[in-house]
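One-letter residues, chain by chain:
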Amino acid sequence: MLTVFLQFLFSGLTVGAVYALVGIGFNITYNATSIINLAQGEFVVIGGLMMWFFSESLKLPFFVSVVLTIITAGLVGLLMERLTIKPLKNPDLLLMIMITIAVSIVLRGVLMFYFGKDPYVYPAFTEGEPLSIYGAIIQQQTLWVIGITGFCIIALFFFFKKTIIGKAMLACAVNPTAAQLVGINVSRMVMVSFILSAIVGAIGGMAITPISLMEYDKGPMLAVKGFCAAIMGGLGSNRGAVLGGFIIGILESMTAGYIHSGLKDAVALIILLLILFFKPAGLFVSKAMLQLRKY
Amino acid sequence: MKKGDASAFLLLIFLIAVLPIFSGSPYILTVGIFSGINALVAIGLCILMGFAGQVSLGQAGFYGIGAYVSSVLSVHAGLPIVVSMIGAMVVAAFAAAVLAVPALRLKGHYLAVATLGFGEIIYVILNEWGPGGPSGFGDIPHFNLFGYTIHSTTGYFYLVWGLVAVVMFFTVNLIHSRTGRALRAVHDSEIACNAMGLDVAALKIKVFILSAVYAALAGSLYAHYVTFISPSSFSLFYSILVLMMVIVGGITNVWGSIIGAVVITVLPELLRRFEELDVLVYGLILTVSLMFFRKGLVPILIEKINKLRGFAVVKR
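Residues numbered from 1 in each chain as written. Chains lettered and ligands numbered in written order. Predicted model: local features only at pLDDT ≥ 70, side-chain atom pairs only at ≥ 80, totals over all residues.

1. As for the overall build of chain B
Of regular secondary structure, chain B possesses 13 helices and two strands. The C-alpha radius of gyration computed for chain B amounts to 19 Å, which stays within 12% of the reference 20 Å derived for 316 residues, consistent with globular compactness. Once the C-alpha set of chain B is aligned to its principal axes, its extents read approximately 55 × 50 × 45 Å. Within chain B, the fraction of its 316 residues that count as buried is 47%. A separation threshold of at least 6 residues defines the contact pool for chain B, and within that pool the share at least 24 residues apart is 77%. (Helix = DSSP H or I, 4+ residues; strand = E, 2+ residues; numbered from the N terminus. Rg over C-alpha atoms; globule rule 2.2 N^0.38 Å. Buried ≥ 20, exposed ≤ 12 C-beta atoms within 10 Å, placed from the backbone. Contact = placed C-beta atoms within 7 Å.)

So this is what it looks like as structure tokens:
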């Protein structure tokens, strides 16, 4: 009993970690711009596929591949912001969100053109025997995924609390006009937020690919789940996104294991709807905070 | 009905009547039928978003309810098609009412996710418990009325677009009625509406139900035209597609929804020649048109026409 339960729990944690990273990615852009960047899922796919490209196709060393993948993802985020978001002056928010959907279609088109429709995989980061806890088997890569997620969360926490850029980005989130008045370059912060969210997504993609494979059209599903995670915790709250991601991941894997695999998406979404109906601002954001923002 | 609407309406009826005569190609008419079906869903979403100011990413759910309920009622219960189509709209209206009461208390992104969640739950239900499961089911009867069955593509073209015209007539009148003015007021400021004594909550719920009924009508037409349905036609992707149609056509003008539906339905057909690059080109066209025609095609067109007529265009 316990063995099976632990097995489901760990598979839920693995998936949940990626949802959490996607959710954090949403939060980073949302905090700086109020935009929901629905190309967030594509960043995860870019992470997985580019890592395969550098490490398997070009046979570059592991760390070089990681760095190059992160740079590629950051560049995609940068280009996306400079080419599609920045040129629009005083745009309608809904329009911006539709543009991010259009950009995600472009990215999918490019990925499909180069990588085709096959799933890709590369070896786990470390070789070795899987761990066994009370009979439940845990692959080493699972620990990598959870560890990397934890590292990202802590790093982002310090970034937003301790560095001047991080604090400036938070200031833009609270009040862009006031931030501009104290000399913060709001436009640059928006750019940084896109780069950062792309990198966070790509890191998730690099870590998860050895476990769950990666193909060009996984983005929308990941974006929807990550978005749900962010909403469940309350948009803008990173610890909310982390908790939301893990709740959705674990619920999915428990439903798939104990009830029926076809229902796993429904159960997570029903819980999300219930949370929204009883606590409309999500778990970690107060209603008063929500009313301060238009969206 | 205002002058602009009246002429647009006449143009629509003229085009509907003329197109099958000039182009008898079944391919073009089929694309036309799908455009019309999509237009019905888009018109509903346009009233909900452009006029009541509420986002929905769950229209595919109501579209799916329309298709499945109408099919099941006509195949398994043996009801006449028209009765089963009305039954489908009633079920969708009921589902919309149940969802609307808690969901419309949410706003912005939160409302979008709640409706998205609803759509996905319907999708999972159709996959798990719908007849035929993920592979769907066929042998759905063609549309018939008073013993006359429509088989031909031309017949369906007239049926679908005739219904678009009827729905459009109703919608345009609704927009210029007292209710329509109230809706636009809700879009601008809910607080002011409440202060003026409008029952904003009830109004939003009614519009939500109306948009669901339009989507269910479209879904049932789809089912009785294609005669085969499977859950994959009713996924989140469809909801986003409808949203795209409304935005491309122009969210502030219901005529835009028809144009948007035609453009978004026809575009992938035109891009077939690009083969493997079609997704990429499709995305690029969408990105560029969203960036450069920000108000939407129809509002921009109206501005251009006004300029040509020499009217001073009053900029807001």
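Don't stop here, the text continues.
2. Quick word on the overall build of chain A
Scanning chain A from N- to C-terminus turns up 12 helices and two strands. For chain A, the N- to C-terminal ordering of α and β elements is α-α-α-α-β-β-α-α-α-α-α-α-α-α. Over its C-alpha atoms chain A spans a radius of gyration of 19 Å, differing by no more than 12% from the 19 Å that the globule rule assigns to 295 residues. Projecting the C-alpha coordinates of chain A onto the three principal axes gives extents of approximately 60 × 50 × 35 Å.

3. Observations concerning the environment of Pro280 of chain A
All names here are of chain A. Tracing the chain through its elements places Pro280 in the loop between helix H11 (264-278) and helix H12 (287-292). Overall, the presence of 19 C-beta atoms within 10 Å leaves Pro280 in the partly exposed class. Measuring from C-alpha to C-alpha, the distance between Pro280 and Met232 comes to 9.2 Å, with 48 residues separating the pair along the chain.

4. Quick notes on the interface of chain A and chain B
Listed as interface residues are 36 residues of chain A and, on the opposing side, 32 residues of chain B. Elements that contribute at least two residues to the side of chain A that touches chain B include exactly helix H4 (93-115), helix H9 (219-233) and H11 of chain A. Class assignment of the residues belonging to the side of chain A that touches chain B gives a composition of 30 nonpolar, three polar and three charged. (Nonpolar A, V, L, I, M, F, W, Y, C, P; charged D, E, K, R; others polar.)

5. Re the packing of helix H3 (residues 59-75) of chain B against helix H5 (residues 108-129) of chain B
Residue and element names in this part refer to chain B. Contact pair H3 / H5: the axes reach a minimum separation of 8 Å and the direction vectors enclose 35°. Seen from H3, the contacting residues are Ala60, Gly61, Gly64, Ile65 and Tyr68; seen from H5, they are Phe118, Gly119, Ile122, Tyr123 and Leu126. Looking at side-chain class alone, the contact of H3 with H5 contains seven nonpolar, three polar and no charged residues. (Axes fitted to C-alpha atoms, helices over the stretch in contact; angles between N-to-C directions.)

6. Details of the nonpolar core
Counting 193 residues, the largest nonpolar core has Ala42, Ala92, Ala212, Ala216, Ala218 and Val246 of chain B as its most contacted members. The residues touching Ala42 of chain B, leaving out its near neighbours within four places in the chain, are Val242, Met245, Val246, Ser257, Gly260 and Ala261 of chain B. (Core = buried A, V, L, I, M, F, W, Y, C linked by C-beta atoms within 7 Å.)

7. Brief notes about the packing of helix H2 (residues 40-57) of chain A against H9 of chain A
All names here are of chain A. Contact geometry for H2 and H9: axes closest at 7 Å, N-to-C directions at 125°. Accordingly, the angle class assigned to the pair H2 and H9 is oblique. In terms of crossing hand, the pair formed by H2 and H9 is right-handed. Residues Gln40, Gly41, Glu42, Val44 and Val45 of H2 pack against Gly219, Pro220, Met221, Leu222, Ala223 and Gly226 of H9. Of the residues assigned to the contact of H2 with H9, the class counts are six nonpolar, four polar and one charged. (Parallel < 35°, antiparallel > 145°, perpendicular 65-115°, else oblique. Left-handed = near helix turned anticlockwise from the far one by under 90°.)

8. Digging into the environment of Glu127 of chain A
Structurally, the position occupied by Glu127 of chain A is in the loop between H4 and strand E1 (131-133). Once the C-alpha coordinates of Glu127 of chain A and Gln140 of chain A are considered, the two residues, 13 residues apart in sequence, prove to be 7.7 Å apart.

9. A few points about H4 of chain A
Taking 1.5 Å of rise per residue, the 23 residues of H4 of chain A would be expected to cover 33 Å, and the 33 Å separating its terminal C-alpha atoms lies within 8% of that figure. Looking one or two places after H4 of chain A, you find Gly116 of chain A, whose phi comes out positive at around 75°. (Expected span 1.5 Å × (residues − 1).)

10. Looking at unusual backbone geometry
All names here are of chain B. Here the phi dihedral of Asp139 falls at roughly 55°; this positive angle occurs in a residue that is not glycine. Tracing the sequence through the fold places Asp139 in the loop between H5 and strand E1 (144-145). We classify Asp139 as exposed; it has 8 C-beta atoms within 10 Å.

11. A closer look at the environment of Val64 of chain A
Residues and elements named next belong to chain A. Considering the arrangement of structural elements, one finds Val64 in helix H3 (residues 62-85). By the C-beta count within 10 Å, which is 12 here, Val64 ends up exposed. In this structure the C-alpha to C-alpha distance between Val64 and Thr3, which are 61 residues apart in sequence, comes to 38 Å.

12. Focus on the confidence of the model for chain B
Interpretation of this model should avoid reading the predicted coordinates in detail wherever pLDDT is low. All names here are of chain B. With 98% of its residues at a pLDDT of 70 or more, chain B shows a mean pLDDT of 86. Least confident of the elements in chain B is strand E2 (residues 148-149), whose mean pLDDT is 78; most confident is H3, at 93. Across the interface, the model reports ipTM at 0.83; the global pTM reads 0.86. (pLDDT = per-residue confidence, 0-100.)

13. Topic: H2 of chain A
Residue and element names in this part refer to chain A. The first and last C-alpha atoms of H2 sit 25 Å apart over 18 residues, in line with the 26 Å expected at 1.5 Å per residue. Taken across its 18 residues, H2 has 16 buried, putting it largely inside the fold. Phi turns positive, to about 55°, at Lys59, one or two residues after H2.

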